[in-house]
Every structure is written in C-alpha cells, then in structure tokens.
Amino acid sequence: MMKISDTTKGIFYLILSAFFFALMAALVHMAGDINFVEKAFFRNAIAFVIAIIFLALDYKKGGKAALTIPKGALVFLFIRSLAGSVGIFGNFYAIDRIVLSDASILNKMSPFFAILFSFILMRERIKTVPLIAIITAFLGAMLVVKPSFDFSKTLPTAAGFIGGAGAGLAYACVRKLGYLKCNGKIIVLFFSTVSMILCAPFMIADFDPLTLRQFILLSLGGVCAAGGQFSITAAYYHAPARDISIYDYSQIIFSTFFGFAFFGQLPDAWSFAGYVIIVLMAVLNFVWNKRQNHQA
C-alpha cells in the first residue's frame, strides 16, 4: 500500500478546510443582521464543544499525556488564540458587509502573513522571490480594499485585511506548536476558550435575541468552522506554509460559488484584478519553493 506523504496530507486538509470555511461564511451571512461578535461566539462555542469531546476520547486512550501542554507551548497558545480572535472578528465583520469572495480573498492574505510571522517566530528565512510575492500580494489586496477617505466604505475591507493578518500570525503559531508536539485538539480548545472570553463583554452589552432559523444557521456555521479549524490545524501540523499554502486559495472558488448561488453576488472588476494578482503571487511563491526543494 502506497504511503501518503505529509505534504499530500497537508494539501488534502487545507482544501478541506477551505471548503468548510467558505460554507461557514455563507451560513454566517445567511443568519442576517446579528452582531458579528455574537456570530463569532457561536462559531467558537461549537468548536469548543467538539474539541472537548475529542480531547475526552484522547484522554481515554492516552491518559494525562494526551492533555499535557509541552514546555514552551503556553505562550504560543496565547498568541495563537489572540491572533486567531482578531482574524475571526475581522473576517466576520467583513462577511456581513462586503461580497463573500472579497472577504475570502482578504482573509487569504493569511498565508503571506504566515510566511512573514514564521520568519519572526521560527527564523524560517524569507528569500527574495517570496518577499516580492508578499509585497505584490499586498498591492493586490489594496485593489480589493480600495482605500478611500470615506471611512465607512473602507472599514469593512480594512477589517477583512487585518483579519487576514491575524489569521496569518495564528497559523504561524500553529506551525510552531506543531514543532513543540502540542496536541492539535488542545490548540483548538485553547483558542475557542480565549475567543469566547473576549466575546463575552460585547455579548453582555449588546445581545441580539436569535430566531430558531438564525440559531440553526449559526450552529451549522459553527460545525463548519470547527471542521475548518481542525482541518487547517492538521494541515499546518503536517507541512510548512511554504509547501502547501497555495491550496488555501481554493476557498476563493468555493466562496465565489456560494456567494453567487445563494446571494447573487459577483466581485467588481477591481476586486477581480486583486484576486488575480494575489493568486498569481501565491502560485509564484509555490512554484519557487518547489524548485528550491528539488535543488536541495
């Protein structure tokens, strides 16, 4: 029987996470006019419950060792949780206010930020071609953000971009935690707990009662988010960002399909140009890394 490489596993999990996250965004948007922090709380509450269940199963099989946090991992668990919360808040704020595919592409700046933060956290050197790709992708993102002096129009796209940066830092921390052999379910549980705590004050101050339909949609969104979270954690656990990050862009395809099928949304010409630039830079970075690995 042919052995599946870690890189292939990483690619599979990343595409799976892209599908889950795109479907999550569609379900969250369907839920309608609810505070985005409340939506984020539901998303994390479901992931929290699922992580508890999986950790209980791990404990039953492996005892206390399955719940042990490795030395040096705690600080990265906190950073991952705070950065991931910024990522979710920015993404959810954007999902409610702009085209789904725009929110998705801005969130997909995260692989570029993951490379940048991996350099900071793990000293994974950034060479010339990836650096050019990061800078050009940033310029492409500006075509989607469309900065202007009308702050009310720029804020949703800027929030999506900041969310992508937060997600990038979170994924770099996941990679670091993978090196430290931290249980992936602990990473998800820790993140979900911290994020819910951050949501709590806003929930208390401004709680929107839910209809049954909204509750079902947000619960399903939470299940998809948990599936995406576990999948992406597994992806970056198996392989470094530089080897698999290109496949994260499959979410753009899923998001564009869901946005058109469910809401009749289509990106404008400037956004589409931004998509092309960002994806091309991801392809450039991926191909360059492949060549580097073959030469090594």
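Higher on the page you've got the structure.
Read on for an overview of the structure. (Residues numbered from 1 in each chain as written. Predicted model: local features only at pLDDT ≥ 70, side-chain atom pairs only at ≥ 80, totals over all residues. Heavy atoms only, no water.)

1. Structural notes on empty space enclosed by the protein
The condition is simple: A 1.4 Å probe that fits into a set of points on a 1 Å grid over the protein atoms alone but cannot get out defines a cavity; an open set with protein on both sides within 12 Å along at least five of seven lines defines a pocket, and lining residues are those with an atom within 4 Å of a point. Grid points are joined across faces, edges and corners, and a volume is the space filled by probe spheres set on the points. Comment: elements are numbered from the N terminus, with helices defined as DSSP H or I runs of at least four residues and strands as E runs of at least two. In this classification, the charged set is Asp, Glu, Lys and Arg, the nonpolar set is Ala, Val, Leu, Ile, Met, Phe, Trp, Tyr, Cys and Pro, and all remaining amino acids, among them Gly, are polar.
Here the structure, examined in full by the defined rule, presents 3 cavities of 30 Å³ or more. Volume-wise, the largest cavity comes out at about 190 Å³. What lines the largest cavity is a set of 17 residues, and nearest its centre among them are Phe21, Arg43, Ile88, Asn107 and Tyr171. For the lining of the largest cavity, the elements supplying multiple residues, two or more each, are α1 (6-30), α3 (74-95) and α7 (151-179). When residues of the lining of the largest cavity are assigned to their parent elements, the largest contribution, 6 residues, is made by α3. In the lining of the largest cavity, the residues fall into 8 nonpolar, 6 polar and 3 charged. Estimated volume of the second largest cavity: approximately 40 Å³. Forming the boundary of the second largest cavity are Ala25, Asn91, Ile95, Leu100, Ala103, Ser104, Gln251 and Ser255. Sorting elements by how many residues they give to the lining of the second largest cavity places helix α4 (residues 100-107) first, with 3 residues. By residue class, the composition of the lining of the second largest cavity is 4 nonpolar, 4 polar and no charged.

2. Examining a nonpolar patch on the surface
Definition in use: Patches in this entry comprise residues that are over 30% relatively accessible and not in a salt bridge; like charges within 9 Å are linked, as are nonpolar side chains (Val, Leu, Ile, Met, Phe, Trp, Tyr) within 5 Å. Residue burial considers only the protein chains on display, and all accessible areas are found by Shrake-Rupley using a 1.4 Å probe. Each reported salt bridge corresponds to a side-chain nitrogen of Lys or Arg within 4 Å of a carboxyl oxygen of Asp or Glu.
A grouping of Val49, Ile53, Phe54 and Leu57 is seen on the molecular surface, where their side chains present a nonpolar patch of about 360 Å² in accessible area. Considering the arrangement of structural elements, one finds Leu57 in helix α2 (residues 36-62).

3. Side note on α1
The cut-off we apply is this: Here, expected helix span is obtained from the residue count minus one, scaled by 1.5 Å. Partly exposed describes any residue whose relative accessible area lies between the buried limit of under 20% and the exposed limit of over 50%, with all areas from a 1.4 Å probe on protein chains only and scaled to the type maximum.
The terminal C-alpha atoms of α1 lie 36 Å apart, and with 25 residues this matches the ideal 36 Å at 1.5 Å per residue to within 8%. If you check which residues of α1 are buried, you get Gly10, Ile11, Leu14, Ser17, Ala18, Phe21, Ala22, Met24, Ala25, Ala26, Leu27 and Val28. Phi turns positive, to about 85 degrees, at Gly32, one or two residues after α1.

4. As for the environment of Leu67
With respect to the helices, strands and loops of the structure, Leu67 is situated in the loop between α2 and α3. As for Leu67 and Ala56, which are separated by 11 residues in sequence, their C-alpha atoms are 9.1 Å apart.

5. So, the packing of aromatic side chains
Applicable threshold: Stacked, tilted and edge-to-face are the three classes assigned to paired rings of Phe, Tyr and Trp, where Trp is represented by its six-membered ring and a pair needs centres within 6.5 Å; plane angles under 30 degrees give stacked, over 60 edge-to-face, the rest tilted.
Inspection of the entire model under this criterion finds 15 aromatic pairs. Here Phe78 and Phe190 contribute two aromatic rings whose centre-to-centre distance is 5.0 Å and whose plane-to-plane angle is 90 degrees, an arrangement assigned as edge-to-face. Residue Phe78 is located in helix α3, and its partner Phe190 is located in helix α8 (residues 184-205); the two are separated by 112 residues in the primary sequence. Judged by its relative accessible area of 17%, Phe190 falls in the buried class. With centroids separated by 6.5 Å and ring planes inclined at 55 degrees, the aromatic side chains of Phe272 and Tyr275 adopt a geometry described as tilted. Within this pair, Phe272 and its partner Tyr275 are both found in helix α12 (residues 269-295), separated by 3 residues, close to a single helical turn. For Tyr275, a relative accessible area of 6% puts it in the buried group. In textbook terms, an aromatic cluster arises when at least three aromatic residues are bridged by ring pairs, as seen for Phe19, Phe20, Phe254, Phe257, Phe258, Phe262 and Phe263.

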